[in-house]
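What the coordinates show
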Amino acid sequence: MTNDVKESFSGGAPPAPAALAAKVRTLAPSMTRSMQRVAEAVAGDPAGCAALTVTGLAELTGTSEATVVRTARLLGYPGYRDLRLALAGLAAQQQSGRAPAVTADIAVDDPIADVVAKLAYDEQQTLADTAAGLDTVQLGAAVGALAGARRIDIYGAGASSLVGQDLAQKLLRIGLIAHAHTDPHLAVTNAVQLRSGDAAVAITHSGSTGDVIEPLRVAFDHGATTIAITGRPDGPVSQYADHVLTTSTARESELRPAAMSSRTSQLLVVDCLFVGIAQRTYETAAPALSASYEALAHRHNPRTR
């Protein structure tokens, strides 16, 4: 086995069978074309691939044994044997009816009822994939860092900036000092002020958005605890993240760009962070949340003004 194959496996428990399909969908776009062929084969026919030796799968996909092993390790398995066991488990789930078929893309002439059904299915699949692939150890560490932070800066661009604003609002409601920055210049200016005991969160589906990576790098260099919420855990943003939370996304299509589906999974991670932080800081979070409700109550009931 070559050194690059050995180094590609990061250790820890391999993903459960339910998380395998989600991980393939998440990582496939960043793989080489030969690795993509292996990943697409195991995701498309887990039962058939589970019955193949490493040589058989290499021949089926027109690749090499090293590529098959490298793909298995990138997906989180120590070796091909472990991947085969996961494939067998995934095949059993599909045969029992727990794994639904993938719906077709939305067409220009689809009736609105079909659009609703397809979007609902894609949203559900995206959330399920994100939950299955989310590293709860990393999530717990991120929760701990944010719960004890003196100050929290949040960076996002485009659709991810909306998610950042949502996180900042939630944290403010429970008494934490949090600011979402959408202007890249102000983001860097504020990141310079961060120190040990502070935290910074970068939200970027691609993992390569320069306007998000730059302030996170500055925060990292100044000693703040850094967190990346990204659909590409192997992207440049991870170089400057102490904790990486991986999101999934539905298949991109002409009428449904990645920004729409990625936001769904990002919001799930944000909600997980918020609830975890609220649990950790319950004695102060609960009174702060009640106070914010009371302060805004009259705006929802004009008769109390």
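Residues numbered from 1 in each chain as written. Predicted model: local features only at pLDDT ≥ 70, side-chain atom pairs only at ≥ 80, totals over all residues. Heavy atoms only, no water.

1. Points about the nonpolar core
Residues Ile 152, Val 201, Leu 245 and Leu 273 are the most contacted members of the largest nonpolar core, which totals 28 residues. Only helix H9 (136–147), strand E1 (152–156), helix H10 (159–173), strand E3 (199–204), strand E4 (225–230) and helix H13 (258–280) provide two or more residues apiece to this core. Not counting residues up to four positions away in its chain, the partners in contact with Ile 152 are Leu 146, Leu 171, Leu 176, Ile 177, Ala 178, His 179, Ala 199 and Val 201. With 23 residues, the next largest nonpolar core counts Val 24, Leu 57, Ala 72 and Tyr 77 among its residues. (Core = buried A, V, L, I, M, F, W, Y, C linked by side-chain atoms within 4.5 Å. Buried < 20%, exposed > 50% of the residue type's maximum accessible area, 1.4 Å probe, protein only. Helix = DSSP H or I, 4+ residues; strand = E, 2+ residues; numbered from the N terminus. Contact = heavy atoms within 4.5 Å.)

2. Quick look at the packing of aromatic side chains
Tallied over the entire structure, the rule returns one aromatic pair. Residues Phe 220 and Tyr 240 carry aromatic rings whose centres are separated by 6.2 Å and whose planes lie at 65 degrees to one another, so their mutual orientation is edge-to-face. Taken together, the residues span a long stretch of sequence, with Phe 220 in helix H12 (residues 210–221) and Tyr 240 in the loop between E4 and strand E5 (243–246) at a distance of 20 residues. Exposure remark for Phe 220: the relative accessible area of 32% places this residue in the partly exposed category. Residue classification places Tyr 240 among the partly exposed residues on the basis of a relative accessible area of 22%. (Phe/Tyr/Trp six-rings, centres within 6.5 Å; stacked < 30°, edge-to-face > 60°.)

3. Observations regarding the pairing of E1
Counting buried residues in E1 gives five out of five residues, a clear majority hidden from the surface. Every second residue of E1 is oriented toward a common face, with Ile 152, Ile 154 and Gly 156 on one face and Asp 153 and Tyr 155 on the other, all of them buried. Of the strand pairs in this sheet, E1 and strand E2 (residues 178–181) are connected by four bridges, and their pairing is parallel. Within the sheet, the bridge partner assigned to Asp 153 lies in E2 and is His 179. Regarding the hand of the β-α-β motif, the stretch spanning E1, H10 and E2 is right-handed. Sheet analysis places E1 next to E3, joined by five bridges and oriented parallel. Bridge pairing in E3 places Ile 152 opposite Ala 199. (Pairing = 2+ DSSP bridges. Right-handed = clockwise from strand over helix to strand, strands pointing away.)

4. Here's the deal with the side chain of Asp 110
Assignment of secondary structure puts Asp 110 in the loop between helix H7 (80–95) and helix H8 (112–133). The class of Asp 110 is buried, set by a relative accessible area of 18%. A polar atom in the side chain of Asp 110 sits 2.9 Å from the side chain of Lys 118. Contacts of Asp 110, omitting those with residues within four sequence positions, involve Asp 105, Val 115 and Lys 118. (Polar contact = N/O pair within 3.5 Å; in protein donor to acceptor, adjacent residues only side chain to side chain.)

5. Things to note about the sheet that holds E2
Pairing is parallel in the open sheet, where five strands are placed in the order E2-E1-E3-E4-E5. The outermost strands of the open sheet, each flanked by one partner alone, are E2 and E5. The sheet shows a mean angle of 15 degrees between the axes of neighbouring strands, direction not considered. Bridge analysis of E3 against E4 gives six bridges, and the strand direction is parallel. In the sheet register, Ala 202 faces E4, and the bridge partner there is Ala 228. This element, H12, spans E1, E3 and E4 of the sheet and lies at about 160 degrees to E3. (Axes fitted to C-alpha atoms, helices over the stretch in contact; angles between N-to-C directions.)

6. Details of the pairing of E3
Along E3, six of the six residues are buried, which leaves the element largely enclosed by surrounding structure. Side chains of E3 alternate between two faces, with Ala 199, Val 201 and Ile 203 and Ala 200, Ala 202 and Thr 204 buried alike. The handedness of the E3 to E4 crossover, carried by H12, is right-handed.

7. Regarding the pattern of salt bridges
If you walk through the whole model with that rule in mind, you get seven salt bridges. Of the charged contacts, one joins Asp 198 and Arg 150 as a salt bridge, the two residues approaching to 2.7 Å between their closest N and O atoms. In this pair, Asp 198 is assigned in the loop between helix H11 (184–191) and E3 and Arg 150 in the loop between H9 and E1, connecting sequence segments 48 residues apart. Lys 170 is the salt-bridge partner of Asp 271, the closest N and O atoms lying 3.4 Å from each other. On the criterion of sequence distance, the pair formed by Asp 271 in helix H13 and Lys 170 in helix H10 is long-range, its members being 101 residues apart. Linked through salt bridges whose partners overlap, the residues forming this network are Asp 166, Lys 170 and Asp 271. (Salt bridge = Lys/Arg side-chain N within 4 Å of Asp/Glu carboxyl O.)

8. Details of H9
An ideal rise of 1.5 Å per residue puts 16 Å on twelve residues; H9 measures up with 16 Å between its terminal C-alpha atoms. Residues of H9 that are buried include every one of Leu 139, Ala 142, Val 143, Leu 146 and Ala 147, and no others. Projected onto a plane normal to the axis of H9, the buried residues spread over an arc of 125 degrees and lie on a single side. (Expected span 1.5 Å × (residues − 1). Arc of directions from axis to C-beta.)

9. Some points on the confidence of the model for the chain
Interpretation of this model should avoid reading the predicted coordinates in detail wherever pLDDT is low. A residue-level look at the chain finds 85% of positions with pLDDT of 70 or above and a mean pLDDT of 85. Note on residues 98–103: pLDDT under 50 across the span, and eleven contacts to partners over four residues away in sequence or across chains. (pLDDT = per-residue confidence, 0-100.)

10. Re the environment of Ile 174
Topologically, Ile 174 is positioned in the loop between H10 and E2. Here Ile 174 falls in the buried class, since its relative accessible area comes to 4%. The spacing of Ile 174 and Leu 289 is 115 residues in sequence and 5.1 Å in space, taken between C-alpha atoms. Ignoring sequence-local partners within four residues, the contact set of Ile 174 consists of Phe 274, Ile 277, Ala 278, Thr 281, Thr 284, Ala 285, Ala 288 and Leu 289.

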